[in-house]
Amino acid sequence: MDRSKTIVWFRRDLRIEDNPALAAAARDGCVFPVFIWCPKEEGQFYPGRVSRWWLKQSLAHLGQSLKSLGAELVLIKTHSTVAALLDCIETIGATRVVFNHLYDPVSLVRDHNIKEKLVELGISVQSYNGDLLYEPWEIYDERGYAFTTFEAYWDKCLHMQMEPVSHLPPWRLVPAAGTVMKCSVEELGLEDEAEKSSNSLLGRGWSPGWSNADKALTEFAEQHLIDYVESRLKVGTSTSLLSPYLHFGELSVRKVFQCVQLKQLLWAKEENLMGKESVTLFLRSIGLREYSRYLCFNFPFTHERSLLSNLKYFPWNDNQVHFKAWRQGRTGYPLVDAGMRELWATGWIHNKIRVIVSSFAVKVLLLPWRWGMKYFWDTLLDADLESDILGWQYISGSLPDAHELERLDNPEIQGSKFDPEGEYVRHWLPELARMPAEWIHHPWDASIAVLKAAGVELGINYPKPIIDIDLARERLMEAIFKMWEMEAAARASNTNGTNEVVVDNTDDTENLAIPKVVLKDKGTCPTNSSNDQRVPTNQNSKNIPAYRKRSKYMEEERPQPDKLHNDDKVAGTSRKDEDLCSTAESSSAKKQATSRCSFSVPQYCSSSEGKPLQECESSDLRQPLQAQIEMEQSSSKDGKQLHSIV
Ligand SMILES: Cc1cc2nc3c(=O)[nH]c(=O)nc-3n(C[C@H](O)[C@H](O)[C@H](O)COP(=O)(O)OP(=O)(O)OC[C@H]3O[C@@H](n4cnc5c(N)ncnc54)[C@H](O)[C@@H]3O)c2cc1C
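Computed from a predicted model, the values in this text were never measured in an experiment. Along each chain, numbering runs from 1 in the same order as the chain's sequence is written. Only residues with pLDDT of at least 70 are given local features in this predicted model, and only at 80 or more are side-chain atom pairs given and counted; all residues enter the totals for whole chains, interfaces and linings. Computation of side-chain values covers all heavy atoms of the structure but excludes hydrogens and water.

A few points about empty space enclosed by the protein
Grid points spaced at 1 Å over the protein atoms alone were grouped into cavities, where a 1.4 Å probe fits but cannot get out, and pockets, open sets with protein on both sides within 12 Å along at least five of seven lines, with lining residues defined by an atom within 4 Å of a point. Grid points are joined across faces, edges and corners, and a volume is the space filled by probe spheres set on the points. On inspection of all chains with the given rule, the structure shows eight cavities of 30 Å³ or more. For the largest cavity, the lining is made up of 42 residues, of which Ser243, Ser285, Asn351, Arg354 and Ser387 are closest to its centre. Numbering of helices and strands runs from the N terminus, with a helix taken as a DSSP run of H or I at least four residues long and a strand as a DSSP run of E at least two residues long. Contributions of two or more residues to the lining of the largest cavity are made by helix 11 (243–247), helix 13 (273–298), helix 16 (351–364), helix 18 (385–395) and helix 27 (642–645). It is helix 13 that provides the largest number of residues to the lining of the largest cavity, a total of nine residues. As a working rule, the residues Ala, Val, Leu, Ile, Met, Phe, Trp, Tyr, Cys and Pro are called nonpolar, Asp, Glu, Lys and Arg charged, and the rest polar, with Gly in that last group. Here the lining of the largest cavity is composed, by residue class, of 20 nonpolar, 13 polar and nine charged. In terms of lining, the second largest cavity is formed by 24 residues, of which the most central are Arg12, Trp37, Glu42, Pro47 and Arg110. Counting residues per element, the ones that place at least two in the lining of the second largest cavity are strand 2 (29–37), helix 2 (39–42), helix 3 (49–69) and helix 5 (105–120).

So this is what it looks like as structure tokens:
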């Protein structure tokens, strides 16, 4: 019997359970599972060392699982994914290619182009939702606009009907015969020789692979979920640690959701309040991951610039010495430094620490948020473009419901709050190991005798604060005023009809207009599945289907400052400005234009000593600690604190 032959193109769906593309192929005939590694196409978002280590282990794990089901995972290293796919198609005589959707800006462009090319060549292409509870084009408000606040988005999701899913893997795979230029996991080159020694410790703490992901989920649901409400607030405690598994699709998010919902039912019946609250918060976290994909799909330029256009005028301080001090954990603020050292040493940090160190980079050092985003991308074990974008946009005030731009948390106060005994700091900063808890988060205030007893010499074996926090607060406010001024000048020059050039203090990237997408509407493609991957577009015709409409925020120049974080009910108008433009484009010329939009992040230096940092003694003008605590508390209004969102 002549059976159909299907190529299953694995990407970040490295599991056999609840894998819709694999299941569909296995149902219909012979399968040819393939993973294609094309470093060239990753461009500036080439994964970092620890992320590649994880991928390597996970691929080996998946390969074994597929082998035990009857089919080999073919690994290919190439300069062109589409060429590699075409080679596979030709060699085995395949008539169909299946894969699961990805939503990050780089994949959106690449997958769209590849799909177009294969369809043009008469190859049937079907794609599936293997990564989300709901596709980004399924969730819109009642007017058909994309949500721009998480609460509204998640509320809508929680009221959606979820289709039942079977988590079972295929019981057997019939392999499709054919020989292509394949390679071993080692030959993919995911780990350099020089990286192996640094990576060897990672295996002690982490076990990549889908069946390990399954165990991690069970262990978390049985033992730690109940405490989630507390562990998410304390640095040094652990949350689910599922993020790298979820990033590489080793765990189905639907399975996570359903597993946690069972606990929800149980604890609701038992009236276990802590359990109920923990489940709600954990599901919210899963919701944030969903929302990260949602934003990237609906606003695919967010890896390059802020969703709110006002930040275009923010006078970022592209100070590479400060950037280096931040990366190396030498800012003089113990909690920030401990977080950055942990990140470098282990590739993972608690969400609270991510918020603290990222806010410090943006609000205290005024470093461009995209520098931080790229650094996290390069160093995190769970580096995930969409979640990284979401996190950095939230803390830098780039989203309508984000942390207020003007709010600056004091790392000293955060230290006493989240690491009261200073254990976390002592663990990651051995030079402060003997500092008493009272001074550990502000060693600059300690007396000479205390410092001496602890063996701390400020400015010698531990830096003085890179900048005084009050000065930082003043500089932040100045920057915000400047941003408003420049924005007002830009508006005025537009309304006067003059062509006066307004200096844009952002880097080159933001000056580049994101190219407009002109996606050809091809009508329903007979080779596509009903739940097929949609592509973002900014076509704004009268006939535009509801799922293509954009949010009102993208239609306005800027919400009024007082509305910036609250107003989600402004009526939408038709949008003509270039903010709507998508980076998902069909032509290769457009693709080049997108890559030109890449932002430049300074090269990292390996030496720990750069130019002397700007060192400020504690200011006499500094407000008493209590006054600052009160100020911070009053600035986090209505539960809109960053901590409660991210
Ligand atoms: C500046 C910044 C950058 C970040 N970069 C990344 C990143 O590159 N990759 C990444 O996976 N997460 C990122 N996060 C989100 C979050 O910090 C991590 O997902 C979380 O700490 C992972 O630990 P966990 O699996 O124990 O999470 P849990 O608290 O147990 O949450 C369960 C899952 O929910 C998802 N989740 C939780 N919080 C968030 C969030 N704020 N945004 C999106 N998804 C969330 C993750 O998939 C996580 O595994 C970032 C947050 C910030 C503030």
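Section: the packing of aromatic side chains
Any pair of Phe, Tyr and Trp rings, taking the six-membered ring for Trp, is counted once the centres come within 6.5 Å. Such a pair is stacked with planes under 30 degrees apart, edge-to-face with planes over 60 apart, and tilted for the rest. Across all of its chains, the model carries 29 aromatic pairs by this definition. Geometrically, the ring pair formed by Trp137 and Phe297 is tilted, given 5.3 Å between the ring centres and 55 degrees between the ring planes. Linking Trp137 in the loop between strand 5 (124–128) and helix 6 (150–158) with Phe297 in helix 13, this pair joins segments that are 160 residues apart in sequence. An identical accessibility class is assigned to Trp137 and Phe297; each is buried. Grouping aromatic residues by their ring pairs yields a cluster made of Tyr140, Phe150, Tyr153, Trp154, Phe257, Tyr291 and Tyr294. Here, a charge over a ring means that NZ of Lys or CZ of Arg falls within 6 Å of the ring centre while also lying within 35 degrees of the ring normal. Cation over ring: Arg327 sits above Phe323, and NZ or CZ is 4.7 Å from the ring centre. Buried, partly exposed and exposed residues are distinguished by accessible area as a fraction of the type maximum, computed with a 1.4 Å probe on protein chains only: under 20%, between the cut-offs, and over 50%, respectively.

Digging into the pattern of salt bridges
For this analysis, a salt bridge means a side-chain nitrogen from Lys or Arg found within 4 Å of a carboxyl oxygen belonging to Asp or Glu. For the structure on display, the rule yields 26 salt bridges. Its salt-bridge partner being Glu17, residue Lys255 comes within 2.9 Å of it at the nearest N-O pair. Of this pair, Lys255 sits in helix 12 (residues 253–269) while Glu17 sits in the loop between strand 1 (4–10) and helix 1 (20–28), placing them 238 residues apart in sequence. With its nearest N and O atoms 3.2 Å apart, the salt bridge here joins Arg143 to Asp141. Arg143 sits in the partly exposed class, given a relative accessible area of 34%. On the basis of relative accessibility, which here comes to 13%, the residue Asp141 falls in the buried class. One connected set of salt bridges, linked through shared partners, spans Lys56, Glu186, Glu191, Glu193 and Lys196.

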